[in-house]
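What the coordinates show
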Amino acid sequence: MRIAIAGGTGTLGRETAEELRGRGHDVRVLSRHAPEYRVDLTTGDGLAEAIEGCDAVVDASNSRSPKQAEQILVEGSRRLLAAEESAGVGHHVCVSIVGCDQLPLGYYRSKAEQEHVVESARVPWTVVRATQFHELLAMGFAAVGRTRVLPVPRARLQTVACAEVARVVADVVEGGPRRGRVEVTGPETTDLRVLARRWRAITGRRALVVPLPLPGALGRALRSGAATSDRADVRGTVRFDDWLRAQTTTGKVNGR
C-alpha cells in the first residue's frame, strides 16, 4: 500500500512510518519540515501533491500551541479530508485521545471536534484513540523537574508505549476502514504522583514531588479516570517503569 502520514515527523508519526515501512509499505511522511513532502495543514499547501496516488492517510498531526490546536486539528482535518476525497483515498485513519470528549480542556475539545469532522466526512474512516504516551509523560517530568520541584496533581492515567500504538495504527491501516473507533491503552492504571516518584527513582533525578491541587471540572475528570479506559480494544504490555528503565539503559533518557 501507499500510505501518507500527516504529522509524520512527530513522536507517533515517526514510529508509525517505521512500522509500516517494516511491513513493506510505501510511506510518505508529511509535515511542514519533511524533507520531501512538505505540507501545511493550516493553509493546505502541498496536500494535493503529497497524497496523490495514496491508498490511505494517517493523521497523526499535533499542535504544541493550544491556540493553534483548532486551526491544525479541526480546520486542518477538513482540508486534509477534502484533498483525500478529490484524490480518491480509500481510508482515513485519525489518531485521537482516550477521553478527549470528557476532559474540559481546550486541546481535548479540539481533538473531540476533529473526530466529529472525520466521522461526517465522505472518506471512509477509522479513529484510533490512545491513552497518554510514556514518552510524553517522561518528557514532561524532565522539563518540569529541572527546577528540582515536581508539582503533580492527582490523576488516574493509563500510559502506553508509543511503539505499541504505532503497531495498532498499522494494523488498522491494513485492515481497512471500520467507520468506528479503536481504543488502545497501557497495561496498568496508576496515579500520576506514583508515576512521578517512579520516574524520579529510575532516572536518579533529584526533584521533590509536591502535591498540586487541581480544582474544578478538569481535576474531577482526571481523578475519576476520564483519561483511562476499561474497554480497550488493545491493551499494551509495556509498563511505564520497564519502558523507562530500557530508555535509561540505552541512554535515550538523561536522568541527570
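See above for the structure.
Rules used throughout
- Residues numbered from 1 in each chain as written.
- Predicted model: local features only at pLDDT ≥ 70, side-chain atom pairs only at ≥ 80, totals over all residues.
- Heavy atoms only, no water.
- Helix = DSSP H or I, 4+ residues; strand = E, 2+ residues; numbered from the N terminus.
- Expected span 1.5 Å × (residues − 1).
- Buried < 20%, exposed > 50% of the residue type's maximum accessible area, 1.4 Å probe, protein only.
- Arc of directions from axis to C-beta.
- Contact = heavy atoms within 4.5 Å.
- 1 Å grid on protein atoms, 1.4 Å probe; cavity = no way out; pocket = protein on both sides within 12 Å on 5 of 7 lines; lining within 4 Å.
- Points joined across faces, edges and corners; volume = space filled by probe spheres on them.
- Nonpolar A, V, L, I, M, F, W, Y, C, P; charged D, E, K, R; others polar.
- Pairing = 2+ DSSP bridges.
- Axes fitted to C-alpha atoms, helices over the stretch in contact; angles between N-to-C directions.

1. Let's talk about helix H1 (residues 11–22)
Each full turn of the α-helix corresponds to 3.6 residues, which orients residues three or four apart in the same direction. In a regular helix each residue adds 1.5 Å, so 12 residues correspond to 16 Å; H1 covers 17 Å between its end C-alpha atoms and thus fits that length. Residues of H1 that are buried: Leu12, Gly13, Thr16, Ala17 and Leu20. One side of H1 holds all its buried residues, which, seen down the axis, span an arc of 130°. In this structure, H1 carries Glu18 and Gly22 as exposed residues pointing more than 90 degrees from its buried face. Taken together, the buried residues of H1 touch strand S1 (2–6), strand S2 (26–31), strand S5 (91–97) and helix H6 (162–175).

2. So, unusual backbone geometry
Look at Arg148: it is not a glycine, yet its phi comes out positive at around 65°. Inspection of the secondary structure puts Arg148 in the loop between helix H5 (134–145) and strand S7 (149–152). You can call Arg148 exposed: its relative accessible area is 54%. Positioned with a positive phi, Arg179 is a non-glycine residue whose angle comes to about 50°.

3. Description of empty space enclosed by the protein
Summed over the entire model, instances satisfying the criterion amount to one cavity of 30 Å³ or more. Counted as a void, the largest cavity has a volume near 50 Å³. As for the largest cavity, its lining consists of His134, Leu157, Gln158, Thr159, Pro187, Glu188, Thr190, Leu195, Val238, Arg239 and Phe240. The class makeup of the residues in the lining of the largest cavity is five nonpolar, four polar and two charged.

4. Describing the environment of Thr190
Inspection of the secondary structure assignment puts Thr190 in strand S10 (residues 190–191). Thr190 gets classed as buried once you look at its relative accessible area, which sits at 9%. In this structure the C-alpha to C-alpha distance between Thr190 and Leu20, which are 170 residues apart in sequence, comes to 31 Å. Those residues within four positions of Thr190 in sequence are excluded, and the remaining contacts are Ala155, Arg156, Leu157, Leu195 and Arg198.

5. Some remarks on the sheet that holds S2
Spatial strand order, S3-S2-S1-S4-S5-S6-S9-S12: eight strands in an open sheet with parallel pairing. Whereas interior strands pair on both sides, the edge strands pair on one side only; in this sheet they are strand S3 (37–38) and strand S12 (234–235). Bridge analysis of S1 against S2 gives five bridges, and the strand direction is parallel. Note that in S2 the partner of Ile3 across the bridge is Val27. Strands in contact with helix H4 (residues 106–119) are strand S4 (56–59), S5, strand S6 (125–130) and strand S9 (181–185); relative to S5, the strand with the most contacts, it is inclined by about 160°. Together, S1, S4, S5, S6, S9 and S12 form the strand contacts of H6, whose direction differs from that of S5 by roughly 155°.

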